[in-house]
Amino acid sequence: MSDAPHRLPGWATAVLVRLLPAGVRGASMRGDLAQEWSERARGPGRQVWLAVEVARLGFHYGVRAAGRGGGGMEGAWGFAVRKLRRDPGYSALAVGTIALGIGVTVALYSVVQAVLLDPLPWERPDELVALFEGHEPRDVHRNVVNPGNLRAWRESGSLAGVEGVMPPQPRIVSSPGEPREVMASFVTPGYLTLLGVEPVEGGGFSPGAGGEDGDQIVLTRRGRLELFGDVPEVVGRTVEVNGASARVMAVLDDGHLPFADGALILTAIPLADLGDQTNTGRFLYGLGRLPSDGSIGAAQAELAGVMAGLRERHPEFNAGWRVEVESLRTVLLGDLRAPLWTLLAASGLLLLVSCVSVANLTLARATERRAELAVRSALGASSRAIAGQLMVENLTLAAAGGALGTLIAWVGATLLTPQLLTAFTIPRLGAVGLDGGVLLFAALVTGLTGLAFGLVPSFAAGRASPAATLRAEGRGPGRATGRLRSALVVAEVALSVVLLTSAALLVRSFRTLVTVETGFDVERVVTGRVNLTGERYRGSEPDRLFFTQLERELAALPGVEAAGGVQMLPLDGLGSATSFYAADGPVPPREEWPVADIRPIIGAYFEAMGIDLLAGRTFGPEDGPDTPRTVVVSRSLADEVWPGLDPIGRPLAINWDDLDPWTVVGVVDDVVHAGMDQAPRPMVYHTVRQAPYFPFMSVVLRTRAGGEGEAVGALRALVAELDPALPVTRVRTLDDFVRTATARPRVTAFLMTLFAGAAALLAAVGVYGVLAYSVARRVREIGVRVALGARGRDVVALVTAQGVRLVLAGLAIGLAVAAVAARLLESLLFGVAPRDPVAFGGAALLFVAVGVLACLGPALRAIRIRPVRALREG
């Protein structure tokens, strides 16, 4: 061991010399601390330990010293509270700033912690994988899979388990109450077991569910409430799902179910009953579990070999298709990471701005109190006692700010969760709670910032004589303090500009998104869904007859300008697609067939939606069940298949029931279906009279002004007249679908704008504060200038120039940083470049305006200075 004396870092020695008792006792404590410091292993942990020890000793001796000077601990706290109450403006601003930084950061971090950092809520979640099919020629990834292919992957034994699930679809459930439509997902019986989900009631599906054990369903807690209310026991009861009896096997706690979000019931169906490569298409999501010693790469390689065999056995169906194995966590959270990390980074910047603002405020107040501290020092108070009192005052502010920040965080998390649930599909978001660790961290950072800058005057008081301080008081705040405060304001402005520019980019992106040409008109359009259920609708012919009858009656509804229907509305989250080829030329290789969405419609659907007819005609009475089959195609499909040619009258082979050609009779404009940020896909429309395919229909009514209620009432009466057992569900305006489709960018842009606005406000307060103190320091100078003939506008220019220089300096730094940070936002932007000049220019102009407004108050105060009074006060 070295015999050299143990030494503490310089900053620790300086603090302890000020705060510890003078003489041998203080030196002994410093020596003990230095010895333990030298014996600890080097690294960040040693630095943290020392900081905590110095803070502990400083608080103990500093506060006690203050207490000795003011009547004990109770007196020190009481004096601090009285001082802060005498200056309510400063106290409210400081507490509010601390609370804002803590509250926003903790609320956002709590969401990120619950969503991105905590494990997924299933058994051994790292072993869970999602299984997709991909098609290289079409550049298709993450496509749903065929049941036959999924069964082959399961039977290969490459994974510890393989199950399938279908996205939720509307089903009519008849429970003890009235029949009602609920969203239901078909799952294979082992779905819950694969995930390791434990029901809160019952035991889950039996292995033979949907087969030899009969039809079975599992309810979510919300589904239980909607279907059974407060009935105490529901497990074992029988309900009818689309007319078929099913036994309730269990109730699940509400939470995320992979690929079944929004489903209130799960219906079991054996994988073997879903068809195979010879009789059905691709419509399942695959889930798998890796062996305990397995990896995604190994599973991918093994299943790729299985898929190669499937391509040889079913070349017509599987040509060009491959298997994709991905981590379930990546699939579920992949598109959430960017917006949530961006919002967390923004809240972190706001915390930084808050810290800088707190530092600026405490410096300003300390400057104001130089005379008071000098008097106390002249009356015998030691620098340690003064530091202790300042520490108590700042701890009081930090405690108040921390308490208010906790409240803001709780309210923020409570208000934020429903908004995020609307905008995102997020596992565990419903379980968001305040994170204690980050709450403590944010409080420590903000509180220590205030403490550090609040203690500066105590050190200054120790270095300067009271007489010198009192003489200097008449000349206003010192230049060093002024420069430090100006630097802090520049930092505030720079950080705020980064936030403001990011917010401007996201707002511009959102505005671009909502102005996308959707291909339809949402004005005065209301929709409602009819779902055929029961024994009378077995098979497709009853469906066709019902929808045909409904089609005939729709046009006569009162208050309606145009009425029609489609089985899957744009932006509703449902869809159906298949491959096709132009039948007027050679048949291309199977793997080169293009893909189009396909939608059965009724009535005047195009007119009701406001979709433009570009060529040919829409469907009419001549398109019946016994006439040649006809289709209307979208513009992009016509351009892709018959570029430069007239598509009317040309045959189209659609890979659905068979490949017998359909005749194109019309071309309509493209419509956005999958998402506002996705290009319209080629679309094929046909009339339900020739093929109903699905047992549900979304009726679309374009109403007269103010006629929405009358139209919906008439629709309900019409459906009840056709079949009293059928409800009209999901009555919504078409505008609701657009708003839901744009919820994620809207929430992200709103929150970012909120953070940027708060940061800009704090920065403006900082600019105002610096200029106000500058005017106070220059009262004599300004008075002399006015006495020598300076005009008011000259004084305003003099004061404003100082503030504008600070704003411009911060602006330059902030824009440079924002130009780099904007690259990180690229994945969130739509139709806007990361360095969009409008966003950057708008943010800069806005901040200059904010800065000028912040300068006006001090400038107007300056021109009211009277020379005689200024010279007398100076």
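Positions within a chain are numbered from 1, following the residues in the order the chain's sequence is written. Only residues with pLDDT of at least 70 get local features here, since the model is predicted, and only at 80 or more are side-chain atom pairs given and counted; chain-wide, interface and lining totals rely on the full set of residues. Only hydrogens and water are set aside; all other atoms, that is, all heavy atoms of the structure, feed into the side-chain values.

Caption draft 1: Representation of the overall build of the protein chain in the model. Secondary structure elements follow DSSP: runs of H or I of four or more residues count as helices, runs of E of two or more count as strands, with numbering from the N terminus. On a plain count of helices and strands, the protein chain comes out with 26 helices and 23 strands. Between buried and exposed lies partly exposed: a residue is buried under 20% and exposed over 50% of the maximum accessible area for its type, with that area taken using a 1.4 Å probe on protein chains only. The burial tally for the protein chain puts 52% of its 874 residues in the buried class. Of the contacts made within the protein chain by residues no fewer than 6 positions apart, 82% connect residues no fewer than 24 positions apart. For the protein chain, the accessible area works out to roughly 37,700 Å², and carbon and sulfur atoms hold 57% of it. The contact criterion used is simple: two residues touch if any of their non-hydrogen atoms lie within 4.5 Å. Each accessible area is a Shrake-Rupley estimate made with a 1.4 Å probe; only the visible protein chains count as cover when residues are assessed.

Caption draft 2: Inspection of the packing of aromatic side chains at higher detail. Side-chain rings of Phe, Tyr and Trp (the six-membered ring for Trp) are treated as a pair once their centres are within 6.5 Å; stacked means planes under 30 degrees apart, edge-to-face means over 60, and tilted covers the remaining angles. Taken as a whole and judged by the stated rule, the model has eight aromatic pairs. Judged by centre distance (4.8 Å) and plane angle (45 degrees), the rings of tyrosine 581 and tryptophan 593 are tilted. Of this pair, tyrosine 581 sits in strand S15 (residues 577-582) while tryptophan 593 sits in the loop between S15 and strand S16 (595-603), and the two are 12 residues apart along the sequence. Note on tyrosine 581: relative accessible area 10%, which makes it buried.

Caption draft 3: Broad picture of the side chain of serine 347. Within the secondary structure, serine 347 sits in helix H11 (residues 328-368). For serine 347, a relative accessible area of 1% corresponds to the buried category. Beyond its immediate chain neighbours, meaning those up to four positions away, serine 347 contacts Val104, Thr105, Leu108 and Phe755.

Caption draft 4: Representation of the confidence of the model for the protein chain within the structure. Taken residue by residue, the protein chain gives an average pLDDT of 81. The fraction at 70 or more is 83%. Within the model, the stretch residues 67-71 combines pLDDT values under 50 with five contacts to residues more than four positions away or in other chains. Confidence of the predictor at the level of single residues is captured by pLDDT, which takes values from 0 to 100.

Caption draft 5: Region of interest: helix H17 (residues 540-554). One less than the number of residues in a helix, times 1.5 Å, gives the span that helix is expected to have. End to end, H17 covers 21 Å across 15 residues, agreeing with the expected 21 Å (1.5 Å per residue, within 8%). Residues Asp543, Arg544, Phe546, Phe547, Thr548, Leu550, Glu551 and Leu554 constitute the buried set of H17. In the core, the buried residues of H17 are packed alongside strand S13 (525-531), strand S14 (560-566), S16, strand S22 (696-703) and helix H20 (708-722).

Caption draft 6: Region of the structure containing the packing of H17 against H20. At their nearest, the axes of H17 and H20 sit 11 Å apart, and the two run at 140 degrees to each other. In terms of their interaxial angle, H17 and H20 are classed as oblique. Like other packed secondary-structure pairs, H17 and H20 cross with a definite hand, here right-handed. Across the interface between the two elements, Phe546, Gln549, Leu550, Glu553 and Leu554 from H17 touch Leu715, Leu718, Val719 and Leu722 from H20. Three classes are used, and their members are as follows: Ala, Val, Leu, Ile, Met, Phe, Trp, Tyr, Cys and Pro are nonpolar, Asp, Glu, Lys and Arg are charged, and the others, Gly among them, are polar. The class makeup of the residues in the contact of H17 with H20 is seven nonpolar, one polar and one charged. Axis lines are fitted to C-alpha atoms, over the contacting stretch for helices. Their N-to-C directions set the angle, which ranges from 0 to 180 degrees. With respect to orientation, any angle under 35 degrees is reported as roughly parallel, any angle over 145 as roughly antiparallel, any angle of 65 to 115 as roughly perpendicular, and every other angle as oblique. Put simply, a crossing is left-handed when the front helix is turned counterclockwise from the back one by less than a right angle, and right-handed when it is turned clockwise.

Caption draft 7: Looking closely at H20. An ideal rise of 1.5 Å per residue puts 21 Å on 15 residues; H20 measures up with 21 Å between its terminal C-alpha atoms. When H20 is considered as a whole, its buried residues turn out to be Ala711, Val712, Ala714, Leu715, Leu718, Val719 and Leu722. The buried side chains of H20 occupy one side of the element, clustering within an arc of 160 degrees when seen end-on. When the buried face of H20 is taken as reference, the exposed residues oriented beyond 90 degrees from it are Gly709 and Glu721. For this quantity, the arc is that covered by the directions from the helix axis to the C-beta atoms.

Caption draft 8: Inspection of the environment of threonine 13 at higher detail. The residue threonine 13 is located in helix H1 (residues 10-19) in this model. C-alpha separation for the pair threonine 13 and valine 54, spaced 41 residues apart in sequence, amounts to 9.2 Å.

Caption draft 9: Up close: the environment of serine 38. Relative to the elements of secondary structure, serine 38 occurs in helix H2 (residues 24-39). Overall, serine 38 belongs to the partly exposed group, its relative accessible area being 33%. Residues serine 38 and leucine 8, spaced 30 residues apart in sequence, show a C-alpha to C-alpha distance of 8.2 Å.

Caption draft 10: Region of the structure containing a nonpolar patch on the surface. Nonpolar side chains collect at one region of the surface, where Leu808, Val848, Val852, Leu853, Leu856, Leu860 and Ile863 lie side by side and expose about 530 Å² of accessible area between them. The greatest single-element share of the nonpolar patch, amounting to six residues, is contributed by helix H25 (residues 837-863). With respect to the helices and strands, the residue valine 852 is situated in helix H25. Residue classification places valine 852 among the partly exposed residues on the basis of a relative accessible area of 30%. Like-charged residues within 9 Å of one another, or nonpolar side chains (Val, Leu, Ile, Met, Phe, Trp, Tyr) within 5 Å, are grouped into patches, provided each residue has over 30% relative accessible area and no salt bridge. Just to be clear on terms, a salt bridge is a Lys or Arg side-chain nitrogen sitting within 4 Å of an Asp or Glu carboxyl oxygen.

Caption draft 11: Quick peek at unusual backbone geometry. The backbone phi angle of arginine 524 is positive, close to 60 degrees, even though this residue is not glycine. You can see arginine 524 is positioned in the loop between helix H16 (479-514) and S13. For arginine 524, a relative accessible area of 29% gives the class partly exposed. Positive phi outside glycine occurs at arginine 730, with the angle close to 50 degrees.

Caption draft 12: Representation of the nonpolar core. Put simply, buried Ala, Val, Leu, Ile, Met, Phe, Trp, Tyr and Cys residues joined by side-chain atoms within 4.5 Å make one nonpolar core. By size, the foremost hydrophobic cluster in this structure holds 84 residues, and its most contacted members are Tyr191, Leu266 and Phe847. Among the elements that make up this core, the one with the highest residue count is helix H22 (residues 743-777) (13 residues). Discounting chain neighbours no more than four positions away, the residues touching leucine 266 are Ser185, Val187, Tyr191, Leu192, Phe205, Gln216, Ile217, Val218, Leu252, Leu257 and Ala260. Of all hydrophobic cores here, the second largest spans 26 residues; its members include Met609, Phe619, Val671 and Met676.

Caption draft 13: Examining the pairing of strand S9 (residues 244-252) more closely. Between any two strands, at least two bridges found by DSSP are needed for them to pair. Alignment of strand S6 (residues 201-202) against S9, held across two bridges, turns out to be antiparallel. From the neighbouring strand, glutamate 201 faces S9, where its bridge partner is valine 251. In this structure, strand S8 (residues 238-241) lies alongside S9, joined through four bridges in antiparallel fashion. The residue bridging valine 241 from the neighbouring strand is alanine 244, located in S9. The hairpin turn running from S8 into S9, its antiparallel successor, is two residues long, and asparagine 242 in that turn takes a positive phi close to 50 degrees.

Caption draft 14: Region of the structure containing the packing of helix H6 (residues 147-156) against helix H9 (residues 296-313). Where H6 meets H9, the closest approach of the two axes is 10 Å, and the angle between their N-to-C directions is 130 degrees. Classified by the interaxial angle, the pair formed by H6 and H9 is oblique. With respect to the hand of their crossing, H6 and H9 are arranged in right-handed fashion. Here Asn149, Ala152, Trp153 and Ser156 of H6 lie close against H9, whose contacting residues are Leu303, Val306, Met307 and Leu310.

Caption draft 15: Geometry of the pattern of salt bridges. All told, the structure shown has 26 salt bridges when counted by the stated rule. Arginine 221 is paired through a salt bridge with aspartate 253; the nearest N and O atoms lie 3.1 Å apart. A residue pair is termed long-range when its members are at least 10 positions apart, and arginine 221 in helix H8 (residues 221-228) and aspartate 253 in the loop between S9 and strand S10 (265-268) qualify at 32 residues. Look at arginine 221 and you get partly exposed, because its relative accessible area is 38%. Linking glutamate 561 and arginine 524 is a salt bridge whose minimum nitrogen-to-oxygen distance equals 3.4 Å. Of this pair, glutamate 561 sits in strand S14 while arginine 524 sits in the loop between H16 and S13, and the two are 37 residues apart along the sequence. Each of the salt bridges in this network shares a partner with another, and the network as a whole consists of Glu123, Arg124, Glu127 and Arg289.

Caption draft 16: Fine view of the environment of asparagine 242. Mapped onto the elements, asparagine 242 comes out in the loop between S8 and S9. Along the primary structure asparagine 242 and leucine 532 are separated by 290 residues, whereas in three dimensions their C-alpha atoms are 7.7 Å apart.

Caption draft 17: Layout of the pairing of strand S18 (residues 630-634). In terms of residue burial, S18 counts as a mostly covered element, since five of its five residues are buried. Covered by surrounding structure in S18 are Thr630, Val632 and Ser634 together with Val631 and Val633, the residues of both alternating faces.

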